[in-house]
Structures are given as structure tokens and as C-alpha cells.
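Coordinates in review
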Amino acid sequence: MKPDLEIKPTKRNRGNGAKTNGQAHRRSRPLSDTAKLKEFDKLGPFEIKDFVQKVASKSALESSLSYLNAGRGNPNWVATEPREAFFLLGQFAVTESKRVLDLPPGVGGMPGASGIAGRLEAWLAKHNDMPGAPFLQAMVPWAVKKFSFDPDKFVHELVDSIIGDHYPVPDRMLVHNEQIVHEYLEWAMCGNPRPKGKFKIYAVEGGTAAMCYIFKSLKSNRILNPGDTIALGVPIFTPYLEMAHLEDYDLHYVEIHAKQEDRFQYPDSEIKKLLDPKIKAFFIVNPGNPFAVALSPDTIKKIGAVLKKRPDLILLTDDVYGTFVPGFRSLMGEFPENTIGVYSYSKYFGCTGWRLGTIAVYEDNIFDKMIAAHPEPIKKLLDKRYGGLTLKPRDFAFIDRIVADSRDIALNHTAGLSLPQQVMMTLFSLSELMDEKKAYQKACIGICKKRVEATIEGLDIEVGPNEYFDYYYGLIDFEFFARKYLGEEVVKWMKENVHPLDIVFRLAEDHGIVLLNGGGFAAPDWSVRISFANLENHVYDDIGRAVRAIARGYRQAYEAATGKSAPPAPTRAPVARR
């Protein structure tokens, strides 16, 4: 008996007889022109997405379909409490400016520090019915007690910074903000046990800026040089693949494959590649993007075994999605001396537009030691590069070099993330630290989990549990799916006659759905990435049904081309592995 690939009616009332995205709105169209699709092979998935979006939006408009873009990772929720506090704090800050100077044209002064904590307390008491007031009333004393802050200095940093009337000082990060974010990162990234020492943190314009700055400083300080080899844990966020090849860096890379059959952990055969001394660094995204699985303790232990033999191996870990895995443990928590940690607030707090990220480097790290071990000619070149910033350039820490390099050295005096952004970072961090029951984290994970379950229902498969899965993205291995539903003969024909990109273009044209091609992430060519973060819950079962419709179309194309009936396959796909 052939599997049920017919699209079942949706459970919900669509109204007006509108077609669902899970229903093909026309007879299966001819297979795409393979030669034409091959032209897209040289593009990354986000660039291909631009073409797919045009197809999907046009198709949705012409065929009364909902346009569903599950290709982007921008969440459709926001953290409201810290935002309420931010905007209310801004109102208080303006009153503080006008208290110092208030000229009729609307000219204020710079807020003063003396007594400002008491004035904020009194002002909030008068406005305690305003959104954000209860949070601020609880936050200030909580932070003062937790971090032993001077109340006036802490509140003045917030008020003066939200006004934005000074350059960032220190340029790397505001003093109170760094201490708060350090504690937040210890919770979010390090797990247990926490490192005994401290991280130095650079507040940056999101994870994107962090990547650019780190690549630049690794090259500028001759830690990575053109022609060097790095390892990339794949599948991986595509810019890591693309940046390595740029003439700016000209790095070679070895792929360390997380295997689906190993529940997207790195098997021994892949980890052993890191023992090659020509590999200078290992870059990973953890939990993975697109496969959304965090490193297990066993995998982390295997990486530790490599470091015992290769204590010079650089680790760079991009941990944006770590907060979606309870008890998450980053490499920066386990191996802080070797690790550059990248984190972005964008996904967890729904603030991609705020551009809030961090670079964290441990106080006792191999990067400073590598720079100190350079031969004298290179030291002299670096002395010249950083000599205008410090009297002792050889004592200039790597994290501070990242700050300077981010502004091409000459503009270092105006480096640093904008101060209102740093206030928002402080409020986001404190909102999480004060949430002892982790209600916000549970709510965010719950949103994504419901969408995963709906997609699985639409696909009509069973998926086993995985405690390291973050629910933010999903990687649908279409070849795996088709093999279970259609059988080996159809899959063999499909791979000989259909270009892998046909899947995403067919989803766009027939169903108005946008997904990203997995091949661009160094995932299997016959895979697609789906974001569970940015669409309403009720559409995800339709996306699953649409993928089944694509499989049905390939079965029909096989039967038409060969004159054979597709061989029997299981009536229900076996359990798939995350």
C-alpha cells in the first residue's frame, strides 16, 4: 500500500473557500529546468531566498494563497517588560536633563549623578501606574544588592546613557553594563560549573558585527593568516562558509560534519580531523543553524580530549540560540582559555532591530599568549599598528585590539556601541536574571515547540525526542523523507532528473511558501531549513502538508516518465532523528 501523500483538509475554517497552502492550487507543474536552477548554485541561500520570495509572493497573489515566509529567523514575539522600562526610563531621563537646564527652545542639560537614585525612586512612586514602573522599582534595588553597585552611579549610567549625550566610556563597554551582561552570559552560556575567572566583554552591533570584527582582528594580529586552514562545524550559518573564501582572509577550511544519524553530534571520525596541526581554529554555531541541536556533554568531552593534545587550537563559538536549550553549556564555559564567545540578544528577546551582541574573551586566554609569542619582526609591525593607542602596545589585550580594529585604529576614540543600545542590553539582561522561575524562557521555548509539533503533524511523521534540540529551526531532509515515503527507486530517479533547488521553487510557486535550501548551509543538498520563530502557530501544519505534496508530485513525475507505478513504501514514515 502506498503512503498517504494526498493532502488532508485543514482542521481550521479558512472561510470563503480559500485554498490552503498545503493544497496544490494547480495540477503538478513540469519539473523545473535543471540548467536554469544550476545558475543559482553559486549563490548563498539568503540570496536564493530573494528570488524564491518573488515567486512565492506572485503565486500567493494570483492564486489566493497565504504568503508564508518561513525562511527568516526573525522571531514574531518581543520581550515587553524591559521595553516598557526602557521607554519609561527615557521619560525620567528627560526630566533630569530639564532639571539641569531648561531653555524655551527645548534645550536641556546633561543629567547629574548626585542624588539621582533617590530622584528616580520618588519619580517612580508618582508614576507607579505607568507601564514599566514596577519593573524599574524592583530592578534598581535588585541590581544594587546583587552587584554591590553605588546606587547613584548605576542609575546615572542608565539615565545619562539613555539620553545618549556622551561617547561610550569605556569604549569597550559601560562599567555597570559589563558586570550585568557578564552575569547574564554566565547563566545563558556557561552552564555548570562556571569558569573561575572573568570574561572581558565587548558590546557590539549584533552577532553580525561580532563576526566581522573577530575575523578582522584574527587576521590583523597574525593569529590567522591568508592560506591558513580552519575547521568549520557543518551544517553552519552560511556567512562562515562565505567569509573564509573572501580575498580579505583567504582561508582554507575543513568541514567537520554533524551527522543526522548521530543526532547531529560530531562523530569520532569527524572530531579526529581537529588533531591535524595545520588546522588553526574550529568555528561552530551552537546550537546549530540550521539543524538546531546543541553539543551534548559527550561531544564537548571529545573536543576537550583534542585540546589536551592541541592546546593551541582556537575555538570560536556562536551561541545565539543557546537560551532555547535549558541548561545549555557553551564551549566558552568548558574551555574559556581557548574560546572566543559570540552572543546576540536578537532572537531570544525579539530585538533584531536593536542590534545587540557581545564578544567575550576570557581574561587568561591563548590569544594574548599567541600575540606575545610572535617573532620580533611581527611584534614590531603590531607595535606600529597599536602604538598610537597605548605606551605599551605589547601589553594591549586581544579584546581591546578587537575594539580598536573595529574602528580601523584611527577612529578608536569614538569606538563603542551606542549608549541607548547598551541600556537596552542592561534591561534585557536584568529582566532574565530577575526571573528566577524562568517563565520567559519557558514561554519562548513553548511557542517554538508548538510550531514544531504542528509541522510534524503536517508531515505525518514521528520524531523522537532530543533534549538538545532548541526548536528554533528545523532541517527537513527531503531525501530521507522521500526514501521512507516513496522508496529507493523513486529517490534514485529524482536525484538523476530533478535539481535539489526545485523543492524550494516548487514550494514557492505551488504553495506560496518560502523555505531556505539546506545545501547552502553545507547541509544535505536535498534538505530545506524551516524557521519556527516567525509565523503564526496555525500555518505550520500547512507547511508540512506542502512538503508532502512536493513528494507526491515527484512520485507522479516518476510514474509518468517511467510508465511504472511507484513501489510500495511504509504507510507511515518511521521515526526521524533530530
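Residues numbered from 1 in each chain as written. Predicted model: local features only at pLDDT ≥ 70, side-chain atom pairs only at ≥ 80, totals over all residues. Heavy atoms only, no water.

So, the packing of helix α14 (residues 376–386) against helix α15 (residues 398–406)
For clarity, the threshold we go by: A fitted line through C-alpha atoms represents every axis, and for helices the fit uses only the stretch in contact; the resulting angles, taken between N-to-C directions, go from 0 to 180 degrees. Each helix is a run of DSSP H or I of at least 4 residues and each strand a run of E of at least 2, with the numbering of both proceeding from the N terminus. When an angle is under 35 degrees it counts as roughly parallel; over 145 it counts as roughly antiparallel; between 65 and 115 it counts as roughly perpendicular; any other value is oblique. Should the near helix be turned anticlockwise from the far one by less than a right angle, the crossing is termed left-handed; should it be turned clockwise, right-handed. Every residue pair with non-hydrogen atoms within 4.5 Å of one another is taken to be in contact. In this classification, the charged set is Asp, Glu, Lys and Arg, the nonpolar set is Ala, Val, Leu, Ile, Met, Phe, Trp, Tyr, Cys and Pro, and all remaining amino acids, among them Gly, are polar.
Their axes nearest at 12 Å, the elements α14 and α15 cross at an angle of 60 degrees. In this view, α14 runs oblique relative to α15, as classed from their interaxial angle. In this structure, α14 meets α15 at a crossing whose hand is left-handed. Contacts between α14 and α15 involve Leu 382, Arg 385 and Tyr 386 from the former and Arg 401, Ala 404 and Asp 405 from the latter. For the contact of α14 with α15, the residue count by class is three nonpolar, no polar and three charged.

Concerning empty space enclosed by the protein
The cut-off we apply is this: Only protein atoms enter the 1 Å grid used here. Points where a 1.4 Å probe fits but cannot escape make up a cavity, open sets with protein on both sides within 12 Å along at least five of seven lines make up a pocket, and a residue lines them when an atom lies within 4 Å of a point. Grid points are joined across faces, edges and corners, and a volume is the space filled by probe spheres set on the points.
A complete count under the given rule lists three cavities of 30 Å³ or more for this structure. In this structure, the second largest cavity occupies an estimated 50 Å³ of space. In terms of lining residues, the second largest cavity is bounded by Phe 215, Leu 218, Lys 219, Leu 224, Asn 225, Pro 226, Tyr 249 and Leu 251. Classifying every residue of the lining of the second largest cavity gives six nonpolar, one polar and one charged.

Things to note about a nonpolar patch on the surface
Threshold: Any residue with relative accessible area above 30% and no salt bridge may belong to a patch, with like charges joined within 9 Å and the nonpolar Val, Leu, Ile, Met, Phe, Trp and Tyr side chains within 5 Å. Method for areas: the Shrake-Rupley scheme with a 1.4 Å probe, in which residue coverage is limited to the protein chains shown. For salt bridges, the criterion is a side-chain nitrogen of Lys or Arg within 4 Å of an Asp or Glu carboxyl oxygen. Using a 1.4 Å probe on the protein chains alone, a residue whose accessible area is under 20% of its type maximum counts as buried, one over 50% counts as exposed, and one in between counts as partly exposed.
A contiguous nonpolar patch, built from Val 100, Leu 101, Leu 103 and Val 107 and spanning about 290 Å² of accessible area, is present on the exposed surface. Topologically, Val 107 is positioned in strand β3 (residues 107–108). Judged by relative accessible area, Val 107 falls into the partly exposed class, the value being 37%.

Some remarks on the confidence of the model for the protein
Rule in force here: pLDDT gives the predictor's per-residue confidence on a scale running from 0 to 100.
For the protein, the mean per-residue pLDDT works out to 91, and 93% of the residues sit at or above 70. Within the model, pLDDT remains below 50 along residues 1–18, and this stretch shows 42 contacts once partners closer than five positions in the same chain are excluded. Across residues 24–28, where pLDDT falls below 50, the model places 17 contacts with residues more than four positions away in sequence or in other chains.

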